[in-house]
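Listed below, chain by chain, are the residues.
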Amino acid sequence: MEPKKVVTQNLVKLLQRKASYIEKHRIYELFQELSMMLLIKKPKDHVLFLKQSVYHAARRLDVPRIFILAPPNFNKRALAQNLKRILNIPAITVDEVTCGQELISQCNFVDNLRNILTGYMKYGFDGWIFFDFPRTEEEAKCLQRNGIIPSHVFEIVTSDGANEASISTNDTIKVTYCKDLRAMRHVFDKLLIKINVKNHSIDDITQKCLKLVKFRTYSRYPSTLRVLYLDNDARRSKCIAKHVAEEFGLIHIDFNEILKQISQRDSELSYAVSDAIQLAKSNDMPTDIKIQVFEEFLLTSEAVRNGWVLTGLVSTIDDLKQLDMTDFPPNRIVIVKLENEKPDSDTSSSYLSDTSCYYEDHISDIIAYVGDSIHVIKATEDTKKIEQQVDFWLVQPAPCVPPRQPRPPCTIKPEDIEFDPDDEPDIDIFDCIREPEPDLPLV
């Protein structure tokens, strides 16, 4: 291979490795949040503001801030209470902000709301729900100017046409609501999500909202798809993975085929793989060997550049955790959950057929570990339906969830730390002799 081509390939892999780190830790979204806060507040000391707000901005990535726009006859309080209970965030009413006053200036309104939000922040509540305000375009713009910006705006569309302009002019309340709603749609154009609640209970509407809350409208960092597909049916797994690879221009990485290729080479890894394959019937293939095989294939293929869909590697939660600790962890995980279904094993793929049953025993642990970043599909006999669901999931934005933690954070006890005279001095001792750093308002 030409030296210039080798250098180019190494550069691409290096850039992709950096991109995967930025994506995994949501650095791009964090800087968007910081930039938005900085431009709204416009502090005199921007460095001090960034220093104090970076932790707050990181927490804001994981909590929803919800506006509910609903017609007068809809029980929005019940919906807000359901979301409050499940999401564990406060639901703030207009009466709390105005303190029962009918006439209150915008300045006092915002100051009162800021004090309420600051009080909740002290107790670790960064998210919130506003369900009976903003009521007008003027209120909505006032909140935006002061940095109180939602992550989701739900417009409730009822069955009686209360959201339409063609309602009776005798109903003054509905006419006023529709007029204000049209104006607020322009304010929240990029955040607005319409929810049709016709013939749905409050509990059903709550579940709809909870599904939508997982996704955010961030302008995400451009990245390649790295899909982990888990299925107990070997033939179906291959079929759907090939379909996804063709549909999205990815490379299908069939781990079983990679093992065959590696085992035929003359290298230390191939000998380790050959020995592991002999033990695969007992599901004793070491996780570290699996990961070595996977990483070696990535570095010698175009999968790093084009993206990939992986099948056959993960059979236990340890496999997935080790995969998450590589430079290229999966950013989408799709799993076909079994419901009293026997795996249709591919007899030509001995390792995969043996691990299919083994993976069933670990499926609950895998789902618990992955959390909301996984997409679970119920197993059916219709492969086309599964393909359609996978395609739909992959074209959606990635769920807004914290990065998976393969290892628990290490805790160091103070009594285990030994003093070293060569250690740097603790700068906290200078706090009493230097001017204290001012606390800037972050709300």
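Remember, predicted model here, so these are calculated numbers, not experimental data.

> So what's going on with the overall build of the protein? Residues and values would help.
A tally of helices and strands in the protein yields 18 helices and ten strands. In the protein, the proportion of contacts linking residues at least 24 apart, taken out of those at least 6 apart, comes to 78%. In the form shown here, the protein has an accessible surface area of approximately 24,900 Å², with 52% of it arising from carbon and sulfur atoms.

> I'd like to hear about unusual backbone geometry, residue by residue, with values.
That bond from Phe-133 to Pro-134 is cis: its omega, 5°, falls within 30 degrees of zero. The topology assignment puts Pro-134 in the loop between β3 (128–130) and α7 (137–145). Positive phi is not limited to glycine here, since Asn-88 has a value of about 60°. Among the structural elements, Asn-88 can be located in the loop between α4 (76–87) and β2 (91–92). Of note, the phi angle at Asn-199 is positive, near 60°, even though the residue is not glycine. As for its position among the elements, Asn-199 is in the loop between β5 (192–196) and α9 (202–213).

> Requested: an account of the layout of surface pockets, with residues and values cited.
If you add up the space inside the second largest pocket, you get close to 470 Å³. In terms of lining residues, the second largest pocket is bounded by 16 residues, among which Lys-211, Leu-212, Phe-215, Phe-392 and Trp-393 are the most central. Split into classes, the residues belonging to the lining of the second largest pocket amount to eight nonpolar, four polar and four charged.

> So, the sheet that holds strand β8 (residues 308–311): which residues are in play, and what are the values?
Adjacent strands of a sheet pair through backbone hydrogen bonds, lying either parallel or antiparallel. If you walk across this open sheet you meet the five strands as β7-β8-β6-β9-β10, and the pairing is parallel. Among the strands making up the open sheet, the edge pair consists of β7 (251–254) and β10 (374–378). In this sheet, adjacent strand axes meet at a mean angle of 20° when their direction is disregarded. One ladder, built from five bridges, connects strand β9 (residues 332–337) with β10; its direction is parallel. Note that in β10 the partner of Val-334 across the bridge is His-375. Packed onto the sheet, helix α17 (residues 363–370) meets β6 (226–230), β9 and β10 and runs at close to 145° relative to β9.

> Describe in detail the pattern of salt bridges, supporting the description with residues and values.
Under the defined criterion, the tally for this structure stands at 14 salt bridges. Here Asp-319 and Lys-290 are joined by a salt bridge, their closest N and O atoms 2.7 Å apart. With a gap of 29 residues between them, Asp-319 in helix α15 (residues 317–324) and Lys-290 in helix α13 (residues 287–299) connect regions that are remote in the sequence. Like Asp-319, the residue Lys-290 is buried in the burial classification.

> Describe in detail the environment of Met-325, supporting the description with residues and values.
Within the secondary structure, Met-325 is located in the loop between α15 and β9. In this structure Met-325 comes out as partly exposed when scored by relative accessible area, which is 32%. For the pair formed by Met-325 and Gln-405, sequence separation is 80 residues and the distance between their alpha carbons is 8.9 Å.

> How would you summarise the confidence of the model for the protein if you had to cite specific residues and measurements?
For the protein, per-residue confidence averages 79 on the pLDDT scale, and 76% of positions sit at 70 or higher. Contacts of residues 341–356 to residues separated by more than four positions or lying in other chains number 38 contacts, the stretch itself having pLDDT below 50.

> Before we move on, could you go through the nonpolar core and cite the residues and values that matter?
The biggest cluster of nonpolar side chains holds 33 residues, and the ones touching the most others in it are Ile-253 and Val-293. For this core, the leading source of residues is α13, giving six residues. Val-293 has contacts with Phe-255, Ile-258, Leu-259, Ile-262, Leu-269 and Val-273, leaving out every residue within four places of it along the chain. Core analysis: the second largest hydrophobic core is formed by 23 residues, Leu-69, Val-94, Val-97 and Leu-117 among them.

> Lay out the state of the cysteines with the relevant residues and their values.
Following the criterion strictly, the structure yields zero disulfides and no others. Left without a disulfide partner, Cys-142 is nearest to the cysteine sulfur of Cys-107, which lies 8.5 Å away. Under the relative-accessibility criterion, Cys-142 is labelled buried at 6%.

> Describe the packing of helix α10 (residues 234–248) against helix α18 (residues 383–395), naming the residues involved and giving the relevant values.
Between α10 and α18, whose axes approach to 10 Å, the crossing angle comes to 40°. Between α10 and α18, the angle is such that the two are oblique. Between α10 and α18 lies a crossing whose hand is right-handed. Between α10 and α18, the contacting residues are Arg-236, Cys-239, Ile-240, His-243, Val-244, Glu-247 and Phe-248 on the first element and Thr-383, Ile-386, Glu-387, Val-390, Asp-391, Leu-394 and Val-395 on the second. Split by residue class, the contact of α10 with α18 holds eight nonpolar, two polar and four charged.

> I'd love a proper account of the pairing of strand β1 (residues 65–69), names of residues and values included.
By the criterion of burial, β1 is predominantly enclosed, with five of the five residues buried. Taking every second residue as pointing to the same face, both faces of β1 are buried, with Arg-65, Phe-67 and Leu-69 on one and Ile-66 and Ile-68 on the other. With three bridges joining them, β1 and β3 adopt parallel strand pairing. Looking at β3, one finds that Ile-66 is bridged to Ile-129. Of the strand pairs in this sheet, β1 and strand β4 (residues 152–157) are connected by four bridges, and their pairing is parallel. Paired with Ile-66 across the strands is His-152, a residue of β4.

> Tell me about the packing of aromatic side chains, and name the residues and values.
Following the criterion strictly, the structure yields eight aromatic pairs and no others. Plain terms: the ring middles of Phe-294 and Trp-308 are 5.4 Å apart, the flat faces sit at 80° to each other, and that makes the pair edge-to-face. With Phe-294 in helix α13 and Trp-308 in strand β8, this pair connects stretches of sequence that are 14 residues apart. Among the residues examined, Trp-308 registers a relative accessible area of 1% and is labelled buried. By the ring-pair criterion, three or more aromatic residues cluster together here, those being Phe-67, Phe-109, Trp-128, Phe-130, Phe-133 and Phe-188.

Here is what the cut-offs are and how they apply
Residues numbered from 1 in each chain as written. Predicted model: local features only at pLDDT ≥ 70, side-chain atom pairs only at ≥ 80, totals over all residues. Heavy atoms only, no water. Helix = DSSP H or I, 4+ residues; strand = E, 2+ residues; numbered from the N terminus. Contact = heavy atoms within 4.5 Å. Areas by Shrake-Rupley, 256 points an atom, 1.4 Å probe, with all protein chains shown as cover. 1 Å grid on protein atoms, 1.4 Å probe; cavity = no way out; pocket = protein on both sides within 12 Å on 5 of 7 lines; lining within 4 Å. Points joined across faces, edges and corners; volume = space filled by probe spheres on them. Nonpolar A, V, L, I, M, F, W, Y, C, P; charged D, E, K, R; others polar. Pairing = 2+ DSSP bridges. Axes fitted to C-alpha atoms, helices over the stretch in contact; angles between N-to-C directions. Salt bridge = Lys/Arg side-chain N within 4 Å of Asp/Glu carboxyl O. Buried < 20%, exposed > 50% of the residue type's maximum accessible area, 1.4 Å probe, protein only. pLDDT = per-residue confidence, 0-100. Core = buried A, V, L, I, M, F, W, Y, C linked by side-chain atoms within 4.5 Å. Disulfide = S-S within 2.5 Å. Parallel < 35°, antiparallel > 145°, perpendicular 65-115°, else oblique. Left-handed = near helix turned anticlockwise from the far one by under 90°. Phe/Tyr/Trp six-rings, centres within 6.5 Å; stacked < 30°, edge-to-face > 60°.

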